[in-house]
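Reading the structure
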Amino acid sequence: MKIQHLLLCAAVCSLTSCFKEEPLNAECDIEQAYVHTDDPTDIFFAASDTLVNVLSDATEVVFEIKEGADVSAMAPVFNITEGATVEPASGSTHDFSNGKAVAYTVTSQDGRWKKTYNVSFKAVYPVSEYDFENYYLVKGPNRGEIYEWSDLAADGSPLNNWATGNPGFNISMGSAAPDEYPTTPVEGHSGMGVKLETKDTGIFGFSMSMGIAAGNLFIGEFDVQPAISGGQAGAMKATLFGRPFDRQPLLFTGWYKYKSGGVCVDGRKQEIPGTYDQGDIYAVLYRNHDDEGNAFVLHGDDVLTSPQIVAIARVPEVTDVDEWTEFNVNFEYSEEIDRRLLADRGYNLAVVFTSSIEGASFKGAIGSTLHIDEVKVICAETTE
C-alpha cells in the first residue's frame with residue numbers, strides 16, 4: 001500500500017503546486033506488532049521476539065515462539081499509519097493456539113483503502129537443505145507479478161525464508177513479465193533450480209544511479225521501502241540477511257553454473273575499465289543480538305564485515321563454467337560457538353547468491369547469469 005501511495009503522491013505533486021487543506025492519509029499499514037507478557041522467555045526465545053517490524057509490502061505477521069508455548073490468550077498491539085483504524089481492535093485478546101491466524105483489517109484515514117493482515121504465533125524450525133522446488137507468483141509492490149521462493153515446514157506450510165530483489169526491480173520495471181525479472185525459476189541440476197541474471201533497470205533505475213539489478217536470492221527479507229526512498233544507501237538497508245538457526249554449520253555445498261556478462265558497469269551504466277564480472281556464493285553465521293541485547297540483522301553494507309559474524313563459508317571464485325559444478329566450502333570460524341546461545345537461537349544463518357559480486361553497489365555486467373540448485377548446510381549432529 002505504501003508504494004502505490006508514494007507513486008501517486010509523486011504524480012499529484014508534479015501537477016499542482018499547493019493544497020488548501022491537508023488531505024486525509026491514504027495509507028493503511030501495520031508498521032509494528034508487539035505483545036506484552038510478564039516473562040517473555042516462557043513463550044519466546046528472546047525478549048526482542050515480542051516485537052515484529054512489519055515490512056511495507058507484507059500481509060503476514062508471524063511471532064516466532066517456542067514449541068508448546070501457550071498462546072491461547074494473546075493480545076497483539078499494533079503501530080499503524082497515522083489516522084488509520086484496525087479491526088479487531090489493537091490490544092484485543094484472541095486464541096492463536098495450534099497455528100491459528102487472526103485476520104486484522106486496517107482502514108486508511110480517508111476510508112478509501114483497506115489492507116488485511118494475517119497474524120499468527122508459530123514455532124518455526126530452521127531448515128538446512130534447499131531444493132528450490134517451492135516457488136510461486138505474487139503481486140509485485142508496483143504492478144504485475146513476481147516470483148518468490150519458500151522452503152516447507154514439516155507440516156507442509158511455507159516458511160517464507162527466502163527473499164530476492166525482485167520487488168525492487170518491480171518498482172522500475174513493473175511492466176516486465178515475471179520471467180524477465182533478475183531472479184526466476186529454471187530447470188536445475190535436479191528438478192527445478194533458480195536463475196539469477198543481472199538486468200538493466202531502465203530509465204527510472206538510471207535516474208537513481210541504480211542502472212542495473214543483480215539477480216539475487218538470500219535467506220532473509222527484502223524491505224522495498226528503503227530501496228525506493230533512500231537511493232543506493234537505502235537499497236543497502238533493504239536487504240535483511242539471515243534467519244534464526246539452532247545448529248552448528250560445518251560445510252556449505254550445492255551446484256551452480258555461471259556465465260559472466262563481461263566488463264562491469266556502474267549505476268550510471270558507465271564501463272569500469274579493467275573489470276570482468278563474476279558471481280558470489282556464500283553463507284554467514286552471526287549473533288542476532290548486540291552486547292546490549294538489542295535485536296541485530298545484517299544488511300547489504302555489512303553482510304561480510306560485521307563484528308557480529310562468527311563464521312563464513314564462501315566459494316573462492318565464481319567464474320565462467322558451462323556445466324553444473326558442485327561446490328563444497330568449509331565454514332571458517334572467527335570465534336567459538338556459544339552452545340547455550342545456539343540452542344536459544346541466538347545466531348542467524350544467511351545464505352546468499354548473486355549474479356554480480358558487487359551487485360549490492362550497483363556494479364556488474366548486464367547479462368551475467370548464475371544458476372543455483374540443491375544447496376545444503378551440513379551441520380554438527382548435536383548442539384550439546
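Described below are features of the structure shown in this document. (Residues numbered from 1 in each chain as written. Predicted model: local features only at pLDDT ≥ 70, side-chain atom pairs only at ≥ 80, totals over all residues. Heavy atoms only, no water.)

Some words on the sheet that holds strand β1 (residues 30-34)
Pairing between sheet strands relies on hydrogen bonds along the backbone, with the strands arranged either parallel or antiparallel. The condition is simple: Think of it this way: DSSP has to see at least two bridges between two strands before they count as a pair. Only runs of H or I of at least four residues qualify as helices and only runs of E of at least two qualify as strands under DSSP, and these elements are numbered from the N terminus. Angles here are taken between N-to-C directions and fall from 0 to 180 degrees, while the axes themselves are lines fitted to C-alpha atoms, restricted in helices to the stretch in contact.
Within the open sheet, the three strands sit side by side as β2-β1-β4. Their pairing is antiparallel. A single partner strand is all that each edge strand has here, and the edge strands are β2 (51-53) and β4 (77-80). The average undirected angle you get between the axes of adjacent strands in this sheet is 20 degrees. Sheet topology places β1 next to β2; three bridges connect them, and they run antiparallel. Bridging from a neighbouring strand, Y34 pairs with L51 of β2.

Structural notes on the pattern of salt bridges
Applied cut-off: Here a salt bridge means any side-chain nitrogen of Lys or Arg lying within 4 Å of a carboxyl oxygen belonging to Asp or Glu. In this scheme, a residue with accessible area under 20% of its type's maximum is buried, one over 50% is exposed, and one in between is partly exposed, where area comes from a 1.4 Å probe on protein chains only.
One pass over the structure, following the stated rule, counts twelve salt bridges. The partner of K259 in a salt bridge is D320, and the shortest N-O contact between them spans 4.0 Å. Highlighted residues: K259 in strand β19 (residues 249-259) and D320 in the loop between β21 (309-314) and β22 (321-330), separated in sequence by 61 residues. For D320, a relative accessible area of 34% puts it in the partly exposed group. It is possible to trace a salt-bridge network through shared partners that takes in K195, E197 and K199.

A closer look at the nonpolar core
Filter applied, for reference: To define a nonpolar core, start from buried Ala, Val, Leu, Ile, Met, Phe, Trp, Tyr and Cys residues and group those joined through side-chain atoms within 4.5 Å. Two residues form a contact once any of their heavy atoms are found within 4.5 Å.
Judged by nonpolar contacts, the single largest core of 35 residues is most densely connected at F132, F252, I281, V351 and F353. When residues in this core are grouped by element, the largest group, five residues, is from strand β25 (residues 369-379). F353 has contacts with F132, W162, L196, G215, N216, L217, F252, D280, I281, L370, I372 and V375, leaving out every residue within four places of it along the chain. One finds V52, M74, V102 and F121 within the second-largest nonpolar core, a separate group that totals 26 residues.

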